[in-house]
Amino acid sequence: MVKYTLKRLLMMIPALLGITVVSFAVMHLAPGRPTDMMTDLNPQVTLEAKQRLIELYGLDRPLHVQYFDWLGRLARLDFGRSFAPDRRPVLDKISERLPVTLALNVASLAIILCVSLPVGVIAAVRAGGLFDRATTVLFFIGFAAPSFWLALLGMRYFGVELGWLPISGLTSLDYDQMSAPGKLADLARHLVMPLIISTIGGLAGLSRYMRSNMLEIIRQDYLTTARAKGLPERVVIAKHALRNALLPVITILGLSVPGLIGGSVIIESIYAIPGLGQLFYGAVMSRDYPLVMGGLVIGAVLTLLGNLLADLGYAWADPRVRDAAFK
Amino acid sequence: MNLKIFLKRFARNRLALAGAGLVLLLFLVSGAAPWLAPHDPDRVDIRNRLKPPSGEYILGTDSLGRDVLSRLVWGARVSLKVGLVAVGLATAIGLLLGAAAGYYGGLTDGLIMRFCDLMLCFPSMFLILAVIAILEPSIWNVMIVIGLTSWMGVARLVRAEFISLKNRDFTLAARALGASDGRIILRHLLPNALAPVLVAATLGVAGAILTESALSFLGLGVQPPTATWGAMLADGKDYLSRAWWLSLYPGLAILLTVLSYNLMGEGLRDALDPRQ
């Protein structure tokens, strides 16, 4: 396992380099220079000042020199400073927003798992039945509904019309005066809608996947054997089939990371949740290039880490995988 | 596969048939938009702003007094165009890279597939937003960027098909007869790999339409005054309690469109699957 982990970690190095190359290339597609945005809007900036800025950011040097310079700073975890008036380091801005986004995504992933795995299994065991057809249609509709639209509908009915749930932010205005349990309840009330909305679209994929996985396994010989030796159907499904069907789900979880992080842009900007998605959206709207570049790199690195965790989890659960890696 | 058998199998699936019917209807609506729309979609009429659905304005009017139904009908054109162009681009790139990787193997394959993995690392929403921010939002930029960030699935599919096909007897026979690489790829391998690509493309249109509507909702997609469903929802966001119709109908239109493409794609997959 240690050997496998090391091998897997080494494999990440070229991927990390690739991520920096793509991020750098994307940001230098622009006609004109990133500093134009800072200076064009401000008539007081003289040509000399503009030139000084260009030299400060090294934008007058050849692209490859700029890239390696930037890479060198990244290696020391220096993502540069934001163009926003506060001029704070990009990494500080991102790291204070990251926990919110991670917590939200882990929570919605947990809900997706708790709902779609049982649904997938039951649908497979009674394939073609009413439950199977009803959940398929329902989840398909959820998959097709744009999350921002569901969010708007939710805000209107549960927020405006019924007044049950708050429609923006993570906490109420009087949050600081609340007791500890009150604070927790307040936070939970704010999280209900964003969590449910960000879960709906993810149900279809995983439950369908689990269903087809189970269907495949139910036909296998070893299940016939288990039944033949007189095990009750419940044990056959819950022990023999489920274990094998669950394995590939680990990989699917790893693969769903980029979608979740990308989706947080929409959910967080609608519900005014101070997470990475909202930060990135703001950075894009105000053309805060260092922050956009940092967000791109961090977003991709998070995906890479998600895949790493999934692969390690899979290797831990299935010895065949870690052995195969050395053949 | 025989076209007749395929159509018969596809027609047996009622959901898929309904999806295909709706997609067809959508094409008709966008084609006939100028005749179907009861009003000019861009005509501003402040005196009639935020009017609830009525005889004259069947689905009400928006904050500038524009007819919601007419904007929905014209918005269908944008969705259709974005879906087709973005997926066309993604499919072309995926076919090209997947075919090269699968056919030539070795270093070509390694490089292309590593690039594919790399692109899959980026949350596509982040990548798309970053590029749009640099290039200025416009319908063409949206279509191109969605296309450039969604070819990876097709590339992997085509590569897998090519690897399984390139050493079959019919390929070897063609090569023995002196066919060039290009001829083998175009005439012998590609036609056999098209079925899964067709499925992926149909599902891809659904994804592209969803992405475009999200971008337009965020104000980074197709720019006003062009009517798009995403932008109409963004407008409705500010009148949640005063004008419910603004936030209901455009979303319903997106939902139905995406759903029909998905149902049609799943139906195609089942009908083309030889194992069934």
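Here the structure is shown first, and the text comes after it.
Residues numbered from 1 in each chain as written. Chains lettered and ligands numbered in written order. Predicted model: local features only at pLDDT ≥ 70, side-chain atom pairs only at ≥ 80, totals over all residues. Heavy atoms only, no water.

**Brief notes about the overall build of chain A**
Check the secondary structure of chain A and you find 14 helices and zero strands. Overall, chain A shows an N-to-C arrangement of helices and strands of α-α-α-α-α-α-α-α-α-α-α-α-α-α. Counting over 327 residues, chain A shows a buried share of 43%. The contacts of chain A with a sequence gap of at least 6 include a subset with a gap of at least 24, amounting to 72%. (Helix = DSSP H or I, 4+ residues; strand = E, 2+ residues; numbered from the N terminus. Buried < 20%, exposed > 50% of the residue type's maximum accessible area, 1.4 Å probe, protein only. Contact = heavy atoms within 4.5 Å.)

**Quick notes on the overall build of chain B**
Assigned secondary structure in chain B consists of twelve helices and zero strands. Ordered by position in the sequence, the α and β elements of chain B form the string α-α-α-α-α-α-α-α-α-α-α-α. The proportion of buried residues among the 276 residues of chain B is 52%. The long-range fraction of contacts in chain B, counting pairs at least 24 apart against all pairs at least 6 apart in sequence, stands at 71%. For chain B, the accessible surface area stands at approximately 12500 Å², while carbon and sulfur atoms represent 65% of it. Taking the average location of the 25 positive side-chain charges in chain B and that of its 18 negative ones, the two points are 7 Å from each other. (Areas by Shrake-Rupley, 256 points an atom, 1.4 Å probe, with all protein chains shown as cover. Lys, Arg positive; Asp, Glu negative; His and termini not counted. Charge placed at Lys NZ, Arg CZ, Asp CG, Glu CD.)

**Quick look at the pattern of salt bridges**
Enumeration over the complete set of coordinates arrives at twelve salt bridges over all chains. In this structure, Glu96(A) and Arg88(A) form a salt bridge, with 3.1 Å as the shortest nitrogen-oxygen distance. Arg211(A) serves as the salt-bridge partner of Asp132(A), at 2.9 Å between the closest nitrogen and oxygen. Separated by 79 residues along the polypeptide, Asp132(A) in helix H6 (residues 130-144) and Arg211(A) in helix H8 (residues 180-218) bring together distant segments of the chain. As far as the burial class goes, Asp132(A) and Arg211(A) line up, both buried. Connected via shared salt-bridge partners are Arg208(A), Glu266(B) and Arg269(B). (Salt bridge = Lys/Arg side-chain N within 4 Å of Asp/Glu carboxyl O.)

**Comments concerning the packing of aromatic side chains**
All names here are of chain A. Throughout the structure, instances matching the rule amount to twelve aromatic pairs over all chains. Aromatic rings pair up to connect Phe 24, Tyr 67, Phe 68 and Trp 70 into one cluster. Geometry around Tyr 157 places Arg 156 over its ring, the cationic atom sitting 4.5 Å from the centre. (Phe/Tyr/Trp six-rings, centres within 6.5 Å; stacked < 30°, edge-to-face > 60°. Lys NZ or Arg CZ within 6 Å of the ring centre and 35° of its normal.)

**Digging into a nonpolar patch on the surface**
Residues and elements named next belong to chain B. Residues Phe 27, Leu 84, Val 85, Trp 140, Ile 144 and Leu 148 make up a contiguous nonpolar surface patch of roughly 510 Å² in combined accessible area. Among the elements that make up the nonpolar patch, the one with the highest residue count is helix H7 (residues 139-148) (three residues). Its relative accessible area of 42% is what places Leu 148 among the partly exposed residues. (Patch = residues over 30% accessible without salt bridge, like charges linked within 9 Å, V, L, I, M, F, W, Y side chains within 5 Å.)

**Re the interface of chain B and chain A**
By convention, interface size is frequently given as the accessible area that disappears when the constituent parts associate. Contact with chain B, which involves 37 residues of that partner, is made by 45 residues of chain A. Between chain B and chain A, roughly 3700 Å² of surface is buried when both sides are summed, and carbon and sulfur atoms account for 83% of that area. Considering only the surface of chain B that becomes buried against chain A, Phe126(B), Ile134(B) and Leu240(B) emerge as the three largest contributors, covering 20% of it. The interface formed by chain B and chain A holds one salt bridge in total. (Buried area = accessible area lost by both parts, 1.4 Å probe.)

**Notes on the environment of Trp149(A)**
Along the polypeptide, Trp149(A) turns up in helix H7 (residues 147-161). What makes Trp149(A) buried here is its relative accessible area of 4%. C-alpha of Trp149(A) to C-alpha of Ile197(A): the two residues are 48 residues apart in sequence and 9.6 Å apart in space. With residues near it in sequence (within four places) discarded, Trp149(A) still touches Leu233(B), Ser247(B), Leu248(B), Gly251(B), Leu252(B) and Leu255(B). At 2.8 Å, the side chain of Trp149(A) and the backbone oxygen of Ser247(B) are in polar contact. (Polar contact = N/O pair within 3.5 Å; in protein donor to acceptor, adjacent residues only side chain to side chain.)

**Concerning the nonpolar core**
Judged by nonpolar contacts, the single largest core of 134 residues is most densely connected at Val26(A) and Tyr271(A). Ile217(A), Ala226(A), Ala241(A) and Val249(A) belong to the second largest nonpolar core, which has 19 residues in total. (Core = buried A, V, L, I, M, F, W, Y, C linked by side-chain atoms within 4.5 Å.)

**Quick word on the state of the cysteines**
Disulfide: a covalent bond formed between the sulfur atoms of two cysteine residues. Residues and elements named next belong to chain B. Within the structure shown, the criterion is met by zero disulfides over all chains. Free cysteine: Cys 121, not disulfide-bonded; nearest cysteine sulfur from Cys 116 at 11 Å. The buried category is assigned to Cys 121, whose relative accessible area is 5%. (Disulfide = S-S within 2.5 Å.)

**Observations concerning the packing of helix H2 (residues 14-31) of chain B against helix H4 (residues 68-104) of chain B**
Residues and elements named next belong to chain B. Taken N-terminus to C-terminus, the directions of H2 and H4 make an angle of 115°; their axes are 8 Å apart at the nearest point. Note that H2 runs across H4; the crossing there is left-handed. When H2 is examined against H4, the residues Leu 26, Phe 27, Val 29, Ser 30 and Gly 31 are found in contact with a partner set consisting of Val 73, Ala 76, Arg 77, Leu 80 and Leu 84. Residues that form the contact of H2 with H4 fall into these classes: seven nonpolar, two polar and one charged. (Axes fitted to C-alpha atoms, helices over the stretch in contact; angles between N-to-C directions. Left-handed = near helix turned anticlockwise from the far one by under 90°. Nonpolar A, V, L, I, M, F, W, Y, C, P; charged D, E, K, R; others polar.)

**Focus: empty space enclosed by the protein**
With the rule as written, the count across this model stands at one cavity of 30 Å³ or more. Empty space within the largest cavity amounts to approximately 70 Å³. Here the residues of the lining of the largest cavity are counted per class, giving four nonpolar, four polar and three charged. (1 Å grid on protein atoms, 1.4 Å probe; cavity = no way out; pocket = protein on both sides within 12 Å on 5 of 7 lines; lining within 4 Å. Points joined across faces, edges and corners; volume = space filled by probe spheres on them.)

**A short note on H2(B)**
Residues and elements named next belong to chain B. Look at H2: 26 Å from first C-alpha to last across 18 residues, which is about the 26 Å you get at 1.5 Å a residue. Listing the buried residues of H2 in full gives Ala 16, Gly 19, Val 23, Leu 26 and Ser 30. Buried residues of H2, seen end-on, are gathered within an arc of 75° and therefore sit on one face of the element. Set apart from the buried face of H2 by more than 90 degrees, the exposed residues are Arg 14, Leu 24 and Leu 28. In this fold, the buried residues of H2 make contact with helix H1 (3-12), helix H3 (33-36), H4, helix H11 (229-237) and helix H12 (244-272). (Expected span 1.5 Å × (residues − 1). Arc of directions from axis to C-beta.)

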